[in-house]
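Architecture and fold: a report
Each chain, letter by letter, is given below.
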Amino acid sequence: AAAGAPAAVPPKVELPSEITKMVDELAAKAAAKPDDLGLWTHLGEVYYRTAQFDHAYYPKALAAFDHVLARDPKRAEALRGKANIYYDQNEAELAIPLYERYLAVKGDDLSVRTDLATMYLYSGDPPKAIAMYKDVLAKDPTFVQAHYNLAAAYHQQGDRDGALAELRAARRHATDERVQRQIDEMIGKLTGAPPADAGASTASAPTAGAGDAARTPFQQAVEQELRAHQIIGPRIAELRWTAPGRLEARMREFPMAQMPPMARTAFEKRIVGYLENARREHPVDGEIAIVMVDAQSGERMATITPGAPAL
């Protein structure tokens, strides 16, 4: 079992010219307003998202966040943004102090506390990681990632029973089928039992309405497109179908409100394209839409549907 490991830096992807132009224009605006820390923080976040397509933007993201922190060392968003870059690059010794400084300002952020615990684990301090995972779970016993990563920490320490207990706890709370299958596979490896097939995995999960029903071909096609997307896929916390054509996508660290207008328009067009392509291949009655929800706050960020503006 492995904890939620930092993602490998992806290969360079050629960015559309309108995206690079938008990023350059934002950089020019920030250069003209060196004391506008909100603008510079936003620039760092845009560079960070862009870097996940072209990692040459990582140094620019770091420079933008450093610009902010030189003027306001307690700027929480910049601390987290810089730490996330080091997390992605598996540089635990650089990520840890930044996450710690962030949590000194926003100590109730359980997602960041979990990430910090994972960095402790990767830096060779499992006891500290275990203590922090437990602290997160004391505050939110349903946090699947913390259960899963705690299982990995126990496994690393040779505590098979503790790892199994945490994997089973993660399985009880997981609602996403992909996550359920991943946990089932890990339980199977630790127990020596063959993992349940997808149908059995879904059938054994607690049911909570339409979101846990078997996926239709249309729904499978939409989910496949979302999970394959380099930026969207890793940030999906849960996909839940509330109607045959209406999907609630709960996202972690995906601040749509901070997207520049051009980038958000391009993103929404891509989502509409996924929906329309899936409906063309697999007709479905009624409305088709994807509701983007922030997993941590539960806030609805957008409702994206063909032929209508996002709300």
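Below, the structure is looked at part by part. Because the structure is predicted, anything quoted here is derived from the model rather than measured. (Residues numbered from 1 in each chain as written. Predicted model: local features only at pLDDT ≥ 70, side-chain atom pairs only at ≥ 80, totals over all residues. Heavy atoms only, no water.)

**With respect to unusual backbone geometry**
The condition is simple: Only protein chains enter the accessibility calculation, which uses a 1.4 Å probe. A residue is then buried if its area is under 20% of the maximum for its type, exposed if over 50%, and partly exposed in between.
The backbone of Asn90 sits at a positive phi, close to 60°, despite the residue not being glycine. The exposure class assigned to Asn90 is partly exposed, which follows from its relative accessible area of 40%.

**Digging into the side chain of His67**
Here is the rule we go by: Going along the chain from the N terminus, every DSSP run of H or I of four or more residues is numbered as a helix, and every run of E of two or more is numbered as a strand. As used in this structure description, the phrase polar contact means that two N or O atoms lie within 3.5 Å; if the pair is within protein, one of them must be able to donate a hydrogen and the other to accept it, and residues adjacent in sequence are counted only when both atoms belong to side chains. Between two residues, a contact is recorded if the distance between any of their heavy atoms is within 4.5 Å.
Here His67 shows up in helix α3 (residues 58-71). Residue His67 is classed as buried on the basis of its relative accessible area, which comes to 14%. Side-chain polar atoms of His67 contact the backbone oxygen of Pro34, separated by 2.7 Å. Apart from the residues within four sequence positions on either side, His67 is in contact with Pro34 and Trp40.

**With respect to the pattern of salt bridges**
Stated formally: One side-chain nitrogen of Lys or Arg within 4 Å of one carboxyl oxygen of Asp or Glu is enough to make a salt bridge.
Applying the stated rule across the entire model yields 12 salt bridges. With a closest N to O distance of 2.8 Å, Arg113 and Asp135 form a salt bridge. Remark: Asp135 occurs in helix α7 (residues 126-139) and Arg113 occurs in helix α6 (residues 110-122); sequence separation between them is 22 residues. Judged by its relative accessible area of 15%, Arg113 is buried.

**Examining the sheet that holds strand β3 (residues 289-294)**
To be explicit about the condition: Pairing between strands requires that DSSP locate at least two bridges from one strand to the other. Interaxial angle, 0 to 180 degrees, is taken between N-to-C directions of lines fitted to C-alpha atoms, where a helix line uses only the stretch in contact.
The mixed open sheet is built from four strands, whose spatial order is β1-β2-β3-β4. Looking along the sheet, the strands with just one partner apiece sit at the ends: β1 (236-243) and β4 (300-304). Between one strand axis and the next, the sheet turns through 15° on average, direction left out of account. Contacting β1, β2 (246-251) and β3, helix α12 (residues 217-228) crosses the sheet at an angle of about 160° to β1.

**Section: the pairing of β2**
Residue alternation in β2 divides its side chains into a buried set, Leu247, Ala249 and Met251, and an unburied set, Arg246, Glu248 and Arg250. Inspection of the sheet shows β1 paired to β2 by six bridges, in the antiparallel sense. Looking at β2, one finds that Arg240 is bridged to Glu248. With six bridges connecting them, β2 and β3 associate as parallel partners. Bridge assignment links Arg250 to a residue of β3, and that residue is Val293.

Don't take any of this as a statement about function, it's just geometry.
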